[in-house]
Amino acid sequence: KLDPKAVVLDVIRKLPRDFSTGVIGIVSGNLDKTLHNPAFHFALGDVLDHAGMHDAAIEQYHKGLQIAPDFARAIFRLGKDMELYKQQYKEALFCYEKAHELAPDDGEIAAYYGRLNQRLQTRDEDIAWKLKDWISRMHQ
């Protein structure tokens, strides 16, 4: 049995990024005209994250959350992208906090929320974190 997300990921990885991004925009936009399916956007966001296309993934999470604003895992995934790939820590913490409020029993969400909350309190003294952010900015 084929995993649809794995098939889409395989196809995306074989196509030029610009082409993939364009097709995804068209398909996503057309789908939104007829169906309002947040699960499509959340699943596509997950696939795009695995393909390293984080900006496109963030866009898909936002589209899905416009339809289903209380889907904790999507808010969490958006927070991870904001933290890990955008270095937008306050936005990430906001996402983690909201996701934690919606799914307080989710251990992964709780762990990310607690860790980032604690690290932000000592951010100014964390030289390794500053160096990582500086290197990330150089590659953008």
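In case you missed it, the structure is sitting above this.
Described below are features of the structure shown in this document. The model shown is predicted, which means the values in this text are computed figures rather than measured ones. (Residues numbered from 1 in each chain as written. Predicted model: local features only at pLDDT ≥ 70, side-chain atom pairs only at ≥ 80, totals over all residues. Heavy atoms only, no water.)

**Let's talk about the overall build of the protein**
Along the backbone of the protein there are eight helices and zero strands. In sequence order, the secondary structure elements of the protein are arranged as α-α-α-α-α-α-α-α. Overall, the protein is about 50 × 35 × 30 Å in size when its C-alpha atoms are taken along their principal axes. A total of 140 residues make up the protein; the buried ones form 37% of that total. Long-range pairs, those at least 24 residues apart, make up 51% of the contacts in the protein with a sequence separation of at least 6. For the protein, the accessible surface area stands at approximately 8,800 Å², while carbon and sulfur atoms represent 59% of it. Charge separation in the protein, taken as the distance between the mean sites of 19 positive and 21 negative side-chain charges, equals 4 Å. (Helix = DSSP H or I, 4+ residues; strand = E, 2+ residues; numbered from the N terminus. Buried < 20%, exposed > 50% of the residue type's maximum accessible area, 1.4 Å probe, protein only. Contact = heavy atoms within 4.5 Å. Areas by Shrake-Rupley, 256 points an atom, 1.4 Å probe, with all protein chains shown as cover. Lys, Arg positive; Asp, Glu negative; His and termini not counted. Charge placed at Lys NZ, Arg CZ, Asp CG, Glu CD.)

**A closer look at the packing of helix α6 (residues 89–102) against helix α7 (residues 107–121)**
One way to put it is that α6 packs onto α7 with a least axis distance of 9 Å and a crossing angle of 145°. In this structure, α6 meets α7 at a crossing whose hand is left-handed. When α6 is examined against α7, the residues Tyr89, Ala92, Leu93, Tyr96, Glu97, Ala99 and His100 are found in contact with a partner set consisting of Ile109, Ala110, Tyr112, Tyr113, Leu116, Asn117 and Leu120. A class-by-class count of the residues in the contact of α6 with α7 yields 11 nonpolar, two polar and one charged. (Axes fitted to C-alpha atoms, helices over the stretch in contact; angles between N-to-C directions. Left-handed = near helix turned anticlockwise from the far one by under 90°. Nonpolar A, V, L, I, M, F, W, Y, C, P; charged D, E, K, R; others polar.)

**What about the packing of aromatic side chains?**
Tallied over the full model, the rule gives four aromatic pairs. The interplanar angle of 80° and the centroid separation of 5.2 Å between the aromatic rings of phenylalanine 76 and tyrosine 112 together place this pair among those described as edge-to-face. Placement of the pair is phenylalanine 76 in helix α5 (residues 72–84) and tyrosine 112 in helix α7, with a sequence separation of 36 residues. Linked through ring pairs, Phe76, Tyr96 and Tyr112 together constitute an aromatic cluster. (Phe/Tyr/Trp six-rings, centres within 6.5 Å; stacked < 30°, edge-to-face > 60°.)

**Concerning the environment of alanine 6**
With respect to the element layout, alanine 6 can be found in helix α1 (residues 4–14). Judged by its relative accessible area of 40%, alanine 6 falls in the partly exposed class. Sequence spacing of alanine 6 and histidine 50 is 44 residues, and the spatial spacing of their C-alpha atoms is 9.7 Å.

**Section: unusual backbone geometry**
With a phi angle near 55°, glutamine 87 is a residue other than glycine that sits in the positive phi range. Looking at where glutamine 87 falls in the secondary structure, it is placed in the loop between α5 and α6.

**Description of a nonpolar patch on the surface**
A surface patch of nonpolar side chains, about 600 Å² in accessible area, is lined by Leu2, Val7, Val11, Leu15, Phe19, Val23 and Val27. At three residues, helix α2 (residues 17–34) tops the list of elements feeding residues into the nonpolar patch. Examined against the element boundaries, valine 11 turns out to sit in helix α1. A relative accessible area of 44% places valine 11 in the partly exposed class. (Patch = residues over 30% accessible without salt bridge, like charges linked within 9 Å, V, L, I, M, F, W, Y side chains within 5 Å. Salt bridge = Lys/Arg side-chain N within 4 Å of Asp/Glu carboxyl O.)

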